[in-house]
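Inside the fold
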Amino acid sequence: MEGVKGLESDLEAMRQYFRSGKTKDTAWRQSQLKGLLLFIKENEKHIFNALKKDLGKHPVEAYRDEAKLPRVALLSSAELVPEPLGLVLIISSWNFPFGISLEPLIGAIAAGNTAVLKPSELAPASSSLLANVLPTYLDNKAVKVIQGGPAVGERLLQQKWDKIFFTGSARVGRIIMSAAVNHLTPTVLELGGKSPAVVDSLASSWDKQVTVNRILVSKFGACAGQACIAIDYILVEKRFASTLVELMKVMIKKMFGENPRETNAIARIVNQQHFLRLKSLLRDPAVQNSIVYGGSLDEKNLFVEPTILVDPPLDAAIMTEEIFGPLLPIITLDNVEDSIAFINSKPKPLAIYAFIKNEKLKRRMLSETSSGSLVFNDAVIQYAADSLPFGGIGESGVGKYHGKFSFDTFSHYKAVTRRSFLTDFWYRFPPWNDYKLLL
Ligand code: NAD
């Protein structure tokens, strides 16, 4: 590329090339690395000349520092030493107010930091328990819980932190990142988005039943769909859609009763604002013909019935915004393989759930899609796997935590090199003689 002429189209061509999968090929990567090596070997003289012109560097110095790996590293050892970052800020959301507050706090303390936790004001009972009781178990000089909403959050963001760990919406995530810029503060953003579930036209009745059970419990039975990793929508082949819907109807009644309003197995919507947000997604005139199950609302009790929609328009808000509630759109496709292109046409999700048995399709899903996590034949359980990092990619988040990854997130791995005084190599030191180039 020369200058910035045609920049947009050049970059788009590069994106397309990336999407083609070419750059994932091992042979391609090897050939490109060989190309880099060859560039250095064949252009050594030109490199020396350029460095002489730009910086007045002697070829021996250039050779030592920019052309070949230095041999001066003999008789040395290298190690990584984790050190805590200092004072960190954790801002959390309301939907799993303990898990999402304590899990990062564990990492921050385990790594040796001091920490301020600001839970969400939208779960006030949980927030006040965290603020009033948690500190009695901990060293108050090192851990503080500060309650409050956006104004308190903004006040905290004006301070200098050694790391900010945020769980919440992409909207506030952007505010966090721009505030962090002022102090060059590293930031973890645990965001959300629209996580799809792909369901293949499963043949055995056992597989179908297991799939439906797992979808329903992870969507409606986990904070009523108010979970960052909840299934947002389903992609299924047209020919299998009605079977899936019928099985779901039966199982919703079995799990949550004939009158789901009376069940204690479905959480309530957190507040009126979120209830009205869900109401507007559901009462959108464009989606009325798509509702095939549920659809009732009870504002007084902040209850939204588990609801299934089939093929709502793709430009309706329910298909463009994160749902974060018990509404489940099903999008039908001619062929289950088309799900890959569908997913790739949207921002990278926090999770992809693929209920498929076909090994070839599994391999394609793994290599041709990108998401924070990928789960075959289940949903949401990846959150509990501490051996796996948890986090998003692209618009679903930045950074990872859980288990050892939490420790790493709140640590700086200092690169330590130790040298012996024993030997040294004369060719490292000036004066430079051209014959040193031969060594
Ligand atoms: P939110 O962004 O509205 O609020 C999150 C936190 O930010 C709260 O503590 C809030 O008080 C604080 N906040 C709000 N405005 C602020 C401001 N201007 N400055 C500083 N702090 C501010 O999100 P929410 O409604 O609590 O949570 C729902 C969102 O969180 C969904 O998008 C969901 O997907 C996402 N989420 C992600 C994860 C994850 O682990 N990736 C987990 C749970 C929820």
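Residues numbered from 1 in each chain as written. Predicted model: local features only at pLDDT ≥ 70, side-chain atom pairs only at ≥ 80, totals over all residues.

A count of helical and extended segments in the protein gives 15 helices and 17 strands. Overall, the C-alpha framework of the protein stretches about 90 × 55 × 45 Å when taken along its three principal axes. (Helix = DSSP H or I, 4+ residues; strand = E, 2+ residues; numbered from the N terminus.)

Right, let's get into the site of the ligand. In the neighbourhood of the ligand, 29 residues make up the surrounding shell, with S93, G153, G168, G192 and C228 lying closest. Of all the elements in the fold, those that place two or more residues in the shell around the ligand are α7 (150-157) and α8 (170-181). If one sorts the elements of the shell around the ligand by residue count, α7 sits on top with 4 residues. Residues that form the shell around the ligand fall into these classes: 12 nonpolar, 12 polar and 5 charged. (Near = placed C-beta within 6 Å. Nonpolar A, V, L, I, M, F, W, Y, C, P; charged D, E, K, R; others polar.)

With that settled, consider unusual backbone geometry. For the bond from P430 to P431, the omega torsion is 5 degrees, close enough to zero to count as cis. Checked against the element boundaries, P431 lands in the segment after β17 (411-419). With a phi angle near 50 degrees, L184 is a residue other than glycine that sits in the positive phi range. Mapped onto the elements of the fold, L184 is located in the loop between α8 and β6 (187-190). Taking the C-beta count within 10 Å as the criterion, L184 has 7 such neighbours and is therefore assigned exposed. Although it is not a glycine, C223 adopts a positive phi angle of roughly 55 degrees. With respect to the helices and strands, C223 occurs in the loop between α9 (205-219) and β8 (231-237). Look at C223 and you get buried, because 20 C-beta atoms sit within 10 Å. (Buried ≥ 20, exposed ≤ 12 C-beta atoms within 10 Å, placed from the backbone.)

With that out of the way, let us pick up the nonpolar core. Among the nonpolar cores identified, the biggest contains 60 residues, and A197, V198, I234, L327, I330 and Y353 are the most heavily contacted of them. Filtering out sequence-adjacent residues up to four positions away, I234 remains in contact with A197, V199, L328, I330 and I331. Of all hydrophobic cores here, the second largest spans 24 residues; its members include I90, A108, L130 and F165. (Core = buried A, V, L, I, M, F, W, Y, C linked by C-beta atoms within 7 Å. Contact = placed C-beta atoms within 7 Å.)

The UniProt entry lists residues 79-416 under the feature "domain: Aldehyde dehydrogenase" (unreviewed entry), expressed in the numbering used here. Taken end to end, residues 79-416 is 34% helix and 22% strand, and its first and last C-alpha atoms sit 5 Å apart. (UniProt positions renumbered as here; feature names shortened; annotations may be inferred.)

Okay, the UniProt feature "active site" (unreviewed entry) in the protein next. Taking the numbering used here, the UniProt-annotated feature "active site" (unreviewed entry) corresponds to E190 and C228. Taken together, the annotated residues stretch across 39 residues yet fold into one region, lying no more than 8.8 Å apart by C-alpha. Mapped onto the secondary structure, E190 falls in strand β6. Non-local contacts of E190, meaning those with residues more than four positions away in its chain, are made with F166, T167, G391, G392 and G397. Its place among the elements puts C228 in the loop between α9 and β8. The exposure class assigned to C228 is buried, which follows from the 28 C-beta atoms found within 10 Å.

Taking burial as the measure, the 5 residues of strand β2 (residues 87-91) include 4 buried ones, the bulk of the element. Pairing of β2 with strand β3 (residues 114-118), which is carried by 5 bridges, proceeds in the parallel orientation. Pairing of I90 across the sheet is with L117, part of β3. In this region the chain leaves β2, passes through helix α5 (residues 99-110) and returns to the parallel neighbour β3; the handedness of that crossover is right-handed. Sheet analysis places β2 next to strand β5 (residues 163-167), joined by 4 bridges and oriented parallel. In the sheet register, I91 faces β5, and the bridge partner there is F166. (Pairing = 2+ DSSP bridges. Right-handed = clockwise from strand over helix to strand, strands pointing away.)

Spatially, the 7 strands line up as an open sheet ordered β9-β12-β13-β8-β7-β14-β15, and their pairing is mixed. Edge positions in the sheet fall to β9 (291-293) and β15 (373-376), since each of these pairs with one other strand and no more. Each adjacent strand pair in this sheet contributes to an overall mean axis angle of 25 degrees, direction not counted. (Axes fitted to C-alpha atoms, helices over the stretch in contact; angles between N-to-C directions.)

Taken together, 6 strands build an open sheet; the order of strands is β4-β3-β2-β5-β6-β16 and the sheet is mixed. Both edges of this open sheet fall to β4 (143-145) and β16 (397-398), since each of them pairs with a single strand only. Across the sheet, α8 is in contact with β5 and β6; its angle to β6 comes to roughly 180 degrees.

Before going further, it helps to spend a moment on the pairing of strand β1 (residues 76-84). With 0 of 9 residues buried, β1 is to be regarded as a mostly surface element. Across 9 bridges, the pairing between β1 and β17 is antiparallel. Note on β17: the bridge partner recorded for L80 is A415.

Time to look at the packing of α9 against helix α10 (residues 238-256). The N-to-C vectors of α9 and α10 enclose an angle of 55 degrees; their axes lie 10 Å apart at closest approach. Relative to α10, the element α9 is oriented oblique. As α9 packs across α10, the resulting crossing turns out to be right-handed. Across from K208, Q209, V212, N213 and L216 in α9, the residues of α10 making contact are L247, M248, M251, I252 and M255. (Parallel < 35°, antiparallel > 145°, perpendicular 65-115°, else oblique. Left-handed = near helix turned anticlockwise from the far one by under 90°.)

As a further point, take the environment of A62. Mapped onto the secondary structure, A62 falls in helix α4 (residues 59-67). Residue class for A62 comes out buried when judged on the 21 C-beta atoms lying within 10 Å of it.

Mean pLDDT for the protein: 93, with 96% of residues reaching 70 or above. Two summary scores accompany this predicted model of the complex, namely pTM at 0.92 and ipTM at 0.97. (pLDDT = per-residue confidence, 0-100.)

Spacing of three or four residues puts side chains on the same side of an α-helix, whose turn is 3.6 residues. When the terminal C-alpha atoms of helix α2 (residues 26-42) are compared, their 24 Å separation across 17 residues agrees well with the 24 Å that a helix rising 1.5 Å per residue should span. Across the 17 residues that make up α2, only a small minority, 0, are buried. (Expected span 1.5 Å × (residues − 1).)

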